[in-house]
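# Topology and contacts: notes
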Amino acid sequence: MVTDFPGSSPSVNFMKAPPGNDLKEYNGAWHVRINDQWRLSFKWGENGPYDDIVVHTPIRKAFQMHTDTPAIPSSTGPWLHQLTLDDLATHGWSRQNHFLPRELTLALAAECRVLAAGGALGFAAVGRGTGQTLRPEIRGDRTLWLEAGQSDACDLYRRIMETLRLALNRAFFLGLDDYESHFALYAPGASYSRHLDRFRDDDLRIVSAVIYLNPDWLPGQGGALRLHPPGEPARDVVPLGSRLVLFMSAEMPHEVLPATRERLSLAGWFRRRAP
Ligand SMILES: O=C(O)CCC(=O)C(=O)O
Ligand SMILES: [Fe+2]
């Protein structure tokens, strides 16, 4: 596993491996080799890469994880606690801290930031089909759907979510058939108004899963996920890095409150098979 992430700030060190990345620091910026033709140049601060980021595609190589064979999580390991499943069954939602290893959270956050800086994330629309519109006052995040093979970090995340899918099916016979997910970046002040994750014309989404990629979030910085469990008081969940929140997509109204700083997450949905 990666061990070179001292302290609470993300470190650029994970990009040292594999050696082909050829990570170098000069002229006040970091540089990695992407292939024979292109390099990626960026600055690195407390929260990861920033500023003057020149992204030449493909950027996949920059995000290869620091392991030859990323750990394959065991569904009986620390990845999912029985308590998390019990809470989901009893309350319709659950929260688990440290769901992702810290180094994976940092790698995913760095990837999300670089992709955003390169313009790969787009404003998310509200509505369905031809009725889709951009309404930043309702939904202000920028997103990018994940694809298989995008990076080692994303692939490991997808494998972890696959173990979660199997665990949910084993526990609740939900018939969950696949998982779709996207990076989401909320700029300071951006929010997502109260909504359900299930659409009137598409009831395939069964369980929503959000994982936060903000290693050092403080409650005073806002950005909570506010859940509105029916018949109960609202519950705020701070978007702290590596934390998993699960809830039943059709039954849990929720909203994202504005934050004073950038807020990163991976939002996803376990879906049943289309009839
Ligand atoms: O980021 C969150 O906390 C929730 C995001 C959300 O509700 C969504 O993308 O549908
Ligand atoms: Fe949602």
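Residues numbered from 1 in each chain as written. Chains lettered and ligands numbered in written order. Predicted model: local features only at pLDDT ≥ 70, side-chain atom pairs only at ≥ 80, totals over all residues. Heavy atoms only, no water.

## So, the overall build of the chain
Helix and strand content of the chain: three helices and 15 strands. Within the chain, the fraction of its 275 residues that count as buried is 51%. Accessible surface, the chain as shown: approximately 13,000 Å² in total, 52% of it carbon and sulfur. (Helix = DSSP H or I, 4+ residues; strand = E, 2+ residues; numbered from the N terminus. Buried < 20%, exposed > 50% of the residue type's maximum accessible area, 1.4 Å probe, protein only. Areas by Shrake-Rupley, 256 points an atom, 1.4 Å probe, with all protein chains shown as cover.)

## Observations concerning the coordination of the iron ion (ligand 2)
Taken together, His-195 (NE2), Asp-197 (OD) and His-254 (NE2) make up the protein donors of the iron ion (ligand 2), found 2.0 to 2.1 Å from the metal. When the donor residues of the iron ion (ligand 2) are listed from N- to C-terminus, their spacing reads H-x1-D-x56-H. (Donors = N, O, S within 2.8 Å, 3.2 Å for Na, K, Ca; no water.)

## Some words on the packing of aromatic side chains
As enumerated under the stated definition, the model contains three aromatic pairs in all. Judged by centre distance (4.5 Å) and plane angle (35 degrees), the rings of Tyr-179 and Phe-270 are tilted. One end of the pair, Tyr-179, is in strand β8 (residues 176–186); the other, Phe-270, is in strand β15 (residues 263–272), and 91 residues separate them in sequence. Each member of the pair Tyr-179 and Phe-270 is classed as buried. Cluster of aromatic residues (ring-pair linked, three or more members): Tyr-157, Tyr-179 and Phe-270. A cation sits over an aromatic face here: Arg-142 above Phe-123, 5.9 Å from the ring centre. Looking at Arg-205, its charged tip hangs above the ring of Trp-269, at a distance of 3.8 Å from the centre. (Phe/Tyr/Trp six-rings, centres within 6.5 Å; stacked < 30°, edge-to-face > 60°. Lys NZ or Arg CZ within 6 Å of the ring centre and 35° of its normal.)

## Considering the site of ligand 1
Among the 13 residues in the neighbourhood of ligand 1, the closest are listed as His-195, Asp-197, Tyr-212, His-254 and Arg-263. Within the contact set of ligand 1, an oxygen atom lies 2.6 Å away from a side-chain nitrogen or oxygen of Tyr-212. Calculation on ligand 1 without its partners gives an accessible area of 300 Å², and the protein chains cover 98% of this total. Per-element tally for the shell around ligand 1: the top contributor is β15, with three residues. Taken together, the residues that form the shell around ligand 1 break down as seven nonpolar, three polar and three charged. (Near = heavy atom within 4 Å. Polar contact = N/O pair within 3.5 Å; in protein donor to acceptor, adjacent residues only side chain to side chain. Nonpolar A, V, L, I, M, F, W, Y, C, P; charged D, E, K, R; others polar.)

## Overview of the sheet that holds strand β11 (residues 225–227)
An order of β9-β14-β11-β12 is seen for the four strands of this open sheet, with the pairing classed as antiparallel. With one partner strand each, in any of the chains shown, β9 (192–195) and β12 (235–237) form the two edges of the open sheet. Between one strand axis and the next, the sheet turns by 15 degrees as a mean value, whatever way the strands run. Alignment of β9 against strand β14 (residues 254–256), held across two bridges, turns out to be antiparallel. Counted as the bridge partner of Tyr-192 is Val-256 from β14. (Pairing = 2+ DSSP bridges. Axes fitted to C-alpha atoms, helices over the stretch in contact; angles between N-to-C directions.)

## Topic: the confidence of the model for the chain
The share of residues in the chain with pLDDT of 70 or more is 79%, and the mean pLDDT across the chain is 82. Long-range and interchain partners of residues 52–70, a stretch whose pLDDT sits below 50, account for 61 contacts in this model, where long-range means more than four residues apart. Predicted confidence is poor over residues 72–78, with pLDDT under 50, and the contacts of this stretch with residues over four places away or in other chains come to nine contacts. (pLDDT = per-residue confidence, 0-100. Contact = heavy atoms within 4.5 Å.)

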